[in-house]
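Topology and contacts: notes
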Amino acid sequence: MTSNGPEKSHATLRYTSLRVSIFLGCLLVALLLGHFQIIPVSGEAGMIFLFLLAAIASAPLSYALLSKQRDEMSAQISGKVSGRRSRTAERIAAQNAEEDAADDAARAATAGQS
């Protein structure tokens with residue numbers, strides 16, 4: 001089993017934590033804008049609006065800023081999927097070989113009895 005190195009071994013965790021950090025940063029900015037009444041906020045609906053504003057602002061920022069991390073995560077996931085596919089194909093081939101050997105032995109035994 002090969003190691004991807006420390007910089008790529010946790011690509012999904014790194015991408016997710018950076019994405020959450022960007023959202024929390026946007027949420028902090030939105031809350032500060034709401035606190036200083038730059039964005040008028042009132043009640044529970046205002047807080048929901050600030051959360052939605054943070055989510056909408058963080059999406060394009062994440063898309064633009066995290067392309068490298070997203071590519072690393074994609075490569076890591078596709079590598080794991082292809083590894084699983086090849087192991088599954090090998091296992092199926094081994095099972096088929098065992099079944100063929102058992103079938104050949106049964107036919108040989110039947111032909112020897114006749």
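In this text the structure is predicted, and so the values were computed from the model without any measurement.

Reading the values: rules and limits
Per chain, residue numbering runs from 1 following the sequence as it is written. The predicted origin of the model limits local features to residues at a pLDDT of at least 70 and limits the giving and counting of side-chain atom pairs to 80 or more, whereas totals for whole chains, interfaces and linings rest on all residues. Hydrogens and water are ignored here; the side-chain numbers use all heavy atoms of the structure. Patch membership requires more than 30% relative accessible area and the absence of a salt bridge. Residues of like charge join within 9 Å; the nonpolar side chains Val, Leu, Ile, Met, Phe, Trp and Tyr join within 5 Å. The accessible surface values rely on the Shrake-Rupley method and a 1.4 Å probe; as for residues, cover is taken only from the protein chains in view. Salt bridges, as used here, are contacts in which a Lys or Arg side-chain nitrogen is within 4 Å of a carboxyl oxygen on Asp or Glu. The numbering of helices and of strands both runs from the N terminus, where a helix is a DSSP run of H or I of at least 4 residues and a strand a run of E of at least 2. Buried, partly exposed and exposed residues are distinguished by accessible area as a fraction of the type maximum, computed with a 1.4 Å probe on protein chains only: under 20%, between the cut-offs, and over 50%, respectively. Angles run from 0 to 180 degrees between N-to-C directions of axes, and those axes are lines fitted to C-alpha atoms, restricted for helices to the stretch in contact. Between 65 and 115 degrees an angle is taken as roughly perpendicular, under 35 as roughly parallel, over 145 as roughly antiparallel, and anywhere else as oblique. Left-handed describes a crossing whose near helix is turned anticlockwise from the far helix by less than a right angle; the clockwise case is right-handed. When checking whether two residues touch, look at their non-hydrogen atoms; a contact exists if any pair is within 4.5 Å. Gly counts as polar in this scheme, as do all residues outside two lists: the nonpolar Ala, Val, Leu, Ile, Met, Phe, Trp, Tyr, Cys and Pro, and the charged Asp, Glu, Lys and Arg. Confidence of the predictor at the level of single residues is captured by pLDDT, which takes values from 0 to 100. Grouping buried Ala, Val, Leu, Ile, Met, Phe, Trp, Tyr and Cys residues that are joined through side-chain atoms within 4.5 Å yields what is termed a nonpolar core.

Before going further, it helps to examine a nonpolar patch on the surface. Taken together, the side chains of Leu28, Leu32, Phe36 and Ile38 make up a nonpolar region of the molecular surface, amounting to roughly 440 Å² of accessible area. Following the sequence through the fold, Leu32 ends up in helix H1 (residues 11–35).

Another point: the pattern of salt bridges. By the definition in use, this model includes two salt bridges. Arg14 is paired through a salt bridge with Glu72; the nearest N and O atoms lie 3.6 Å apart. Taken together, the residues span a long stretch of sequence, with Arg14 in helix H1 and Glu72 in helix H3 (residues 67–113) at a distance of 58 residues. On the basis of relative accessibility, which here comes to 26%, the residue Arg14 falls in the partly exposed class. A relative accessible area of 17% places Glu72 in the buried class.

What follows covers the packing of H1 against helix H2 (residues 43–65). It is the contact of H1 with H2, at a shortest axis distance of 8 Å, that shows an interaxial angle of 140°. As judged from the angle between their axes, H1 and H2 are oblique. For the element pair H1 and H2, the recorded crossing hand is right-handed. Contacts between H1 and H2 involve Arg19, Ile22, Phe23, Cys26, Leu27, Ala30, Leu31 and Gly34 from the former and Met47, Leu50, Phe51, Leu53, Ala54, Ala55, Ala57, Ser58, Ala59, Leu61, Ser62 and Leu65 from the latter. Looking at the contact of H1 with H2 residue by residue, the classes come out as 16 nonpolar, three polar and one charged.

Here we take up the confidence of the model for the protein. Taken over all residues, the pLDDT of the protein has a mean of 88, while the share at 70 or more is 92%. For the protein, the element scoring lowest by mean pLDDT is H3, at 86; H1 scores highest, at 96.

The residue Ile56 is located in helix H2 in this model. Residue classification places Ile56 among the exposed positions, given a relative accessible area of 62%. Along the backbone, Ile56 and Cys26 are 30 residues apart, and their C-alpha atoms lie at a distance of 9.2 Å.

Moving on, we get to the nonpolar core. If you look at the biggest cluster of nonpolar residues, it comprises eight residues: Ala11, Tyr15, Ile22, Cys26, Leu27, Ala54, Leu66 and Met73. Among the elements that make up this core, the one with the highest residue count is H1 (five residues). In this view, Ile22 contacts Ser58, Leu61, Ser62, Leu65 and Leu66; residues no more than four positions away in its chain are not counted.

Turning to the packing of H2 against H3, a few remarks are in order. One way to put it is that H2 packs onto H3 with a least axis distance of 5 Å and a crossing angle of 70°. In this view, H2 runs roughly perpendicular relative to H3, as classed from their interaxial angle. Here Ser62, Tyr63, Ala64 and Leu65 of H2 come into contact with H3, specifically with Ser67, Gln69 and Arg70. Its residues assigned to classes, the contact of H2 with H3 comprises three nonpolar, three polar and one charged.

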